[in-house]
Each structure stands twice: as structure tokens, then as C-alpha cells.
Amino acid sequence: MSLRARLQKQNILLAPGVYDGLTTRFAEQAGFEAAYLSGASICYSRFGLPDIGLVTATEAADTLAAIRERATIPLIVDIDTGFGNALNVQRTVRLFERNGANALQLEDQIFPKRCGHLRDKGVVATGEMVGKIKAALDARRSAETLIVARTDAIAVEGFAAALDRAEAYVEAGADVLFVEAPPDRAGLAEVANRFGKRIPVLANMVEGGRTPLLSAPELQALGFRIAIFPGGTARAVAHALERYFAGLKQAGTTAGMADRMYDFAGINAVLGTDAMLADGKRYEPKERK
């Protein structure tokens, strides 16, 4: 089922954040129908950097390609500002679509951008973003590749202005709408009430961010069609790594952590190693008599 068709269903689509092949495999095995490739999580995990516009289009696209090699579920992919003007957006859309994106999230921040829940953001003019959305729509090869239009204007111009921008982005033809960082439940409800009957609306849940953390069923009740938890995976792994390294440094062994980690056989079971090796035997030469 395409992502577009999935969004026609009434039940909300819950997409966890992923950042590499392993996290995506765990998401698939947990039964998620889609995953969200978070630009912030690429910054954190691949480079140890904050989400302040330091990762390039090529680095993000290469990460996507590595994930898509094994992923079978749809991937919603963060392409930041499109990495430039409208013409850059078109190149970005073509590259990420070739590398396996099913939906591309484009935002209206100035470049270099920063995490939507950090302070001191800036946004481009509404008309410039409208042009970028239209450029993205024209560049995609398949109508099944969705363009997610995101506005970060609440923190810059205020809530009412952000809704006006969102209206313009819907009129420009965006497939999904994403209003970043409503400050409270009432703000979330207003976004969903105003736009939810016309276009699938996405809610971004960031642990410790500016928007209250609601569950997928709560967001569905408000009228949202997609809920992403983009950075939670990286933050959970970071917490586990902190404990792992501290324990190893203190004890000099991992023997006491057996109940908190996979052993060699366990991780190979997750990865499907035996099945892959068995499949490879089909291509081995037969023994000569």
C-alpha cells in the first residue's frame, strides 16, 4: 500500500524516528507501518552534531540510500529547507526520491536552519516557500511521492501568521501539512480543526520540546493523520549508550549487562543472518565430482 493510500484510512499513522538500517529494522519488526528519517537524528548519530544545518544534502541522501537497501516500509524523509532555492529543491527532491523516499518534508526556515524546537529561528517569505513547494511538486517523478509542507513561523511571527502561511502552503498543492511547535493542546486542536478535513495534518512529538507530548490516539482524536516521534529513538539509544560505557569503564567487562543487551546470536537473529547466508548458498558453485 502506498503512503498516499494509507493516509486515506481513518486511524492515525504512527511513524517513529530512525537514522540507520538497524533502527529501521527494529521499527519494522515492531510492526510500524512507516518510519521517519529525522535530519536531527542524522546529525546526532552520524556526526555527533546538533541540528543546526551542518549536514549536507548528499550526506542525508546517502543515509537514506543505506536504509532503503533493506527497509520495506515507507519512509518519510526530512529534507530541511531543500538545501537552497527552488532549483536546489528540485535537485533535492529528485535525489531523495531516487534514493527511496516516499514522502519529503520541506520547511520554510532560512538557511542554515535549526531544530524546530530551538530558539532564534528565521523563516523565508511566504511567497518563496510557496515557490519551493510548487518546484518540489513539479520535480517529483511519481505522484505517490508526497510533499510535506512545514512551517516554523509560530516561533517567529506568531500563531495566527503561521496558520496564514499554512493556508498558502495548502493552496500551493502540498500533500501533507506540518505546523511546527504549537505551544499547547489548544493550538494543536486549532491546527487540526482548521486544516484536517482538507489535507492530512502531521503532529511532531518531541520529548522536552515546545509542544505537549500527546499519544497517537489523543492526536487522532484531535484530527491529526500522522504522528511522528522523530528524535526519541536517538535519545533512547544515547541514554542506553551512556549507561553501557559507564558500566564497562567501571567494571571492565560487559558480563553484568547481559539482561540489557543482545549477545552475538541475538543480534544476528534480529538481522536475519542465517536466512541471508542460506539464500547466498543458492549462488555458490556446485561441487565437481
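What you see is a predicted model, and the numbers here were worked out from it, not measured in a lab. (Residues numbered from 1 in each chain as written. Predicted model: local features only at pLDDT ≥ 70, side-chain atom pairs only at ≥ 80, totals over all residues. Heavy atoms only, no water.)

Asker: Looking at this structure, I do not really get the overall build of the protein. What am I missing?
Answerer: Within the protein, the secondary structure is distributed over 13 helices and 8 strands. Since a compact globule built from 289 residues should have a radius of gyration of about 19 Å, the 21 Å found for the protein is in line with a globular shape. With the C-alpha coordinates of the protein rotated into their principal frame, the extents come out at 70 × 50 × 35 Å. Expressed as a percentage of the 289 residues in the protein, the buried residues total 48%. (Helix = DSSP H or I, 4+ residues; strand = E, 2+ residues; numbered from the N terminus. Rg over C-alpha atoms; globule rule 2.2 N^0.38 Å. Buried < 20%, exposed > 50% of the residue type's maximum accessible area, 1.4 Å probe, protein only.)

Asker: I tried to follow helix 4 (residues 57-68) on my own but got confused; where do I start?
Answerer: Each α-helix turn comprises 3.6 residues. Residues three or four places apart therefore point the same way. Under the 1.5 Å per step criterion, the end-to-end length of helix 4 is 16 Å for 12 residues, consistent within 8% with the ideal 16 Å. Ala57, Ala60, Ala61, Thr63, Leu64 and Ile67 are the residues of helix 4 that are buried. Across the axial projection of helix 4, the buried residues extend over an arc of 155°, all falling on one side. (Expected span 1.5 Å × (residues − 1). Arc of directions from axis to C-beta.)

Asker: Sorry, what's going on with the sheet that holds strand 3 (residues 75-78) here?
Answerer: Sheets are built from strands paired through backbone hydrogen bonds, the pairs being either parallel or antiparallel. Taken together, 8 strands build a closed barrel; the order of strands is 1-2-3-4-5-6-7-8 and the barrel is parallel. Sheet twist, expressed as the average angle between the axes of neighbouring strands with direction ignored, equals 25°. Examined bridge by bridge, strand 6 (residues 176-179) and strand 7 (residues 201-204) share 2 bridges and lie parallel to one another. Bridging from a neighbouring strand, Leu177 pairs with Val201 of strand 7. (Pairing = 2+ DSSP bridges. Axes fitted to C-alpha atoms, helices over the stretch in contact; angles between N-to-C directions.)

Asker: How should I be thinking about a nonpolar patch on the surface in this particular structure?
Answerer: Judged by side-chain polarity, Phe47, Leu49, Ile52 and Leu54 come together as a nonpolar surface patch covering roughly 290 Å² of accessible area. One can find Phe47 in helix 3 (residues 39-47). (Patch = residues over 30% accessible without salt bridge, like charges linked within 9 Å, V, L, I, M, F, W, Y side chains within 5 Å. Areas by Shrake-Rupley, 256 points an atom, 1.4 Å probe, with all protein chains shown as cover. Salt bridge = Lys/Arg side-chain N within 4 Å of Asp/Glu carboxyl O.)

Asker: Would you explain the pattern of salt bridges in this entry?
Answerer: This model, assessed by the stated rule, comprises 16 salt bridges. The salt bridge partner of Arg6 is Glu33, with a shortest N-O separation of 2.8 Å. One end of the pair, Arg6, is in helix 1 (residues 3-6); the other, Glu33, is in the loop between helix 2 (21-29) and strand 2 (35-37), with 27 residues separating them in the sequence. Of the residues examined, Arg6 reaches a relative accessible area of 3% and is grouped as buried. Residue class for Glu33 comes out partly exposed when judged on its relative accessible area of 39%. Here the salt bridges do not stand alone but share partners, grouping Glu107, Lys121, Arg150, Asp152 and Glu180 into one network.

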